[in-house]
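Summary of structural features
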Amino acid sequence: MNRKLFILFMPVLFSMGSCIGTSYLGDRYNPTTHTDIYYASKDVKKDYKVIGHISSRIWLSEEGAKRKIVEKARAVGADGVIIHGIEYTGGEDADSYYKAEAIQYNN
């Protein structure tokens, strides 16, 4: 019986995973293992360029969304991320997203 329940709920589990979406639009470089986190552009003390924009849905927790942003930033080779805060979508299915910029330091 447990196997039947698992098979029945597999599509639900997969659709839940897709709801925790983190999207990226921008350039990609070699992945990195460290990414600095900032909450304002003025806090970045090095010269940098924005290489892309990251958006992560706040599905379970704000901390989880922040973690997904950093994971995505590392995957695209960003030296840092500037987290700008939360943006809300409107309508019946309103969601909230963390918005961030992926940055790469100028050498």
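A short tour of the structure in this document, coming up. Because the structure is a prediction, the values reported are computed rather than measured. (Residues numbered from 1 in each chain as written. Predicted model: local features only at pLDDT ≥ 70, side-chain atom pairs only at ≥ 80, totals over all residues. Heavy atoms only, no water.)

**Some thoughts on the nonpolar core**
Note the following rule: What is meant by a nonpolar core is a set of buried Ala, Val, Leu, Ile, Met, Phe, Trp, Tyr and Cys residues, joined one to another through side-chain atoms within 4.5 Å. Using a 1.4 Å probe on the protein chains alone, a residue whose accessible area is under 20% of its type maximum counts as buried, one over 50% counts as exposed, and one in between counts as partly exposed. Secondary structure elements are taken from DSSP: a helix is a run of H or I of four residues or more, a strand is a run of E of two residues or more, and numbering for both begins at the N terminus. It only takes one pair of heavy atoms within 4.5 Å for two residues to be counted as in contact.
Among the nonpolar cores identified, the biggest contains 14 residues, and Y24, I54, I69, A78, V81, Y98 and A102 are the most heavily contacted of them. Those elements giving two or more residues to this core turn out to be β3 (48-57), α2 (62-75), β4 (80-88) and β5 (96-105). Not counting chain neighbours up to four residues away, the residues in contact with Y98 comprise I54, S55, S56, I58, E62, A65, K66, I69, I83, G85 and I86.

**Points about the environment of D36**
Here is the rule we go by: Counting of polar contacts relies on pairs of N or O atoms within 3.5 Å, with two restrictions inside protein: one atom must be capable of donating a hydrogen and the other of accepting it, and residues adjacent in sequence are counted only when both atoms are side-chain atoms.
Examined against the element boundaries, D36 turns out to sit in strand β2 (residues 36-38). Residue class for D36 comes out partly exposed when judged on its relative accessible area of 22%. Considered as a pair, D36 and A73 are 37 residues apart in the sequence and their alpha carbons are 9.6 Å apart. Setting aside residues up to four positions removed in sequence, D36 forms contacts with D79, G80, V81 and Y105. Side chain to side chain, D36 and Y105 meet in a polar contact 2.6 Å long.

**Points about α2**
Stated precisely, the cut-off is as follows: An expected span of 1.5 Å times one less than the residue number is assigned to each helix.
For α2, with 14 residues, the first-to-last C-alpha span of 20 Å sits near the 20 Å given by 1.5 Å per residue. Every buried residue belonging to α2 is among G64, A65, I69, V70 and A73, and all of these are buried. In the core, the buried residues of α2 are packed alongside β2, β3, β4 and β5. Just past α2, the residue G77 takes up positive phi, approximately 85°.

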